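Geometric and topological summary
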Amino acid sequence: MVRLDVITTRGGDEGETSLGDGTRVRKDTLRIEAMGAVDEANAALGLLRLQTAAMPAEDAMLARMQNDLFDLGADLCVPGEAWGRLRVTPAQCLRLERELAAMNAELPPLRSFVLPGGSPAAAAAHLARTLARRAERGVVALAAAEPVNPDAVRYLNRLSDHLFVLSRRLNGNGAGDVVWVPGGA
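Given the structure is predicted, the values throughout are model-derived calculations rather than measurements.

For the rest of this paragraph, the subject is the overall build of the chain. Secondary structure assignment for the chain yields five helices and four strands. Overall, the chain shows an N-to-C arrangement of helices and strands of β-β-α-α-α-β-α-α-β. Residue burial in the chain is summarised as follows: out of 185 residues, 40% are buried. Accessible surface, the chain as shown: approximately 10,300 Å² in total, 58% of it carbon and sulfur. Mean positive and mean negative side-chain charge positions of the chain (21 and 23 charges, respectively) differ by 3 Å.

Structure, rendered in structure tokens:
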């Protein structure tokens, strides 16, 4: 698998880093920005998991998402059509869709927009959702400049939807949702 004996390599001290294929690029390229945004979303899922540790079904979904986001990072770190490299797959997107649909079927319909908040777990899910959207924007920007696996964009889009529905589930199946009141509180 992966073995990392040395963490501090000093290879990035001049503002460059290596991609998975060995290519050196500046740390502010679209690809590195997108990879960093995916990493931020993954870190937010880690914080969310602290809130769901006593909820086996939710924690298992989040653990799969964290692994998927690592797969997505591996996908992004090797540009082009590198056969045999790890890529995000349609099956990962479909799994998110199935989980999302199952959770949503148990929720009452929305009658207003939902504000981030309610329970600590729901607030953490909303934060993770916004970071997944940031990652999606980064991957979309990258895809406009160079080829990217279209399932990477699809996955992030489904992930943010999933996290929204999960936030409602974590708010007592919508009972604790904080709803938007247009024009005032």
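For the rest of this paragraph, the subject is the environment of T23. In this fold, T23 is placed in the loop between β1 (16–18) and β2 (24–26). Dropping the residues within four chain positions of it, T23 is found in contact with T17 and S18. There is a polar contact of 2.8 Å between the side chain of T23 and the side chain of D21.

Further remarks concern the pattern of salt bridges. It is possible for side chains of opposite charge to pair when their charged atoms get near one another. For the structure on display, the rule yields 15 salt bridges. A salt bridge links E16 to R24, with the shortest nitrogen-to-oxygen separation between them at 3.9 Å. The class of E16 is partly exposed, set by a relative accessible area of 34%. D59 is paired through a salt bridge with R49; the nearest N and O atoms lie 2.9 Å apart. Residue D59 is found in helix α2 (residues 56–76), and its partner R49 is found in helix α1 (residues 30–51); the two are separated by 10 residues along the sequence.

Moving on, we come to the nonpolar core. By size, the foremost hydrophobic cluster in this structure holds 38 residues, and its most contacted members are L48, M65, L69, L72, Y155, L159 and L163. Of all the secondary-structure elements, those providing two or more residues to this core are α1, α2, α3 (90–105), α4 (120–145) and α5 (150–170). Here this core gets 10 residues from one element, more than from any other, and that element is α4.

All right, on to a nonpolar patch on the surface then. Side chains of F113, L115, V178 and W180 sit close together on the surface and give an oily, nonpolar patch of about 390 Å² of accessible area. Among the structural elements, W180 can be located in the segment after β4 (178–179).

Glancing now at the packing of α1 against α4. Interaxial distance between α1 and α4 falls to 8 Å at its minimum, and their mutual angle equals 165°. With respect to each other, α1 and α4 are oriented roughly antiparallel. In terms of crossing hand, the pair formed by α1 and α4 is left-handed. The class makeup of the residues in the contact of α1 with α4 is 20 nonpolar, two polar and three charged.

Rules of the game
- Residues numbered from 1 in each chain as written.
- Predicted model: local features only at pLDDT ≥ 70, side-chain atom pairs only at ≥ 80, totals over all residues.
- Heavy atoms only, no water.
- Helix = DSSP H or I, 4+ residues; strand = E, 2+ residues; numbered from the N terminus.
- Buried < 20%, exposed > 50% of the residue type's maximum accessible area, 1.4 Å probe, protein only.
- Areas by Shrake-Rupley, 256 points an atom, 1.4 Å probe, with all protein chains shown as cover.
- Lys, Arg positive; Asp, Glu negative; His and termini not counted.
- Charge placed at Lys NZ, Arg CZ, Asp CG, Glu CD.
- Contact = heavy atoms within 4.5 Å.
- Polar contact = N/O pair within 3.5 Å; in protein donor to acceptor, adjacent residues only side chain to side chain.
- Salt bridge = Lys/Arg side-chain N within 4 Å of Asp/Glu carboxyl O.
- Core = buried A, V, L, I, M, F, W, Y, C linked by side-chain atoms within 4.5 Å.
- Patch = residues over 30% accessible without salt bridge, like charges linked within 9 Å, V, L, I, M, F, W, Y side chains within 5 Å.
- Axes fitted to C-alpha atoms, helices over the stretch in contact; angles between N-to-C directions.
- Parallel < 35°, antiparallel > 145°, perpendicular 65-115°, else oblique.
- Left-handed = near helix turned anticlockwise from the far one by under 90°.
- Nonpolar A, V, L, I, M, F, W, Y, C, P; charged D, E, K, R; others polar.

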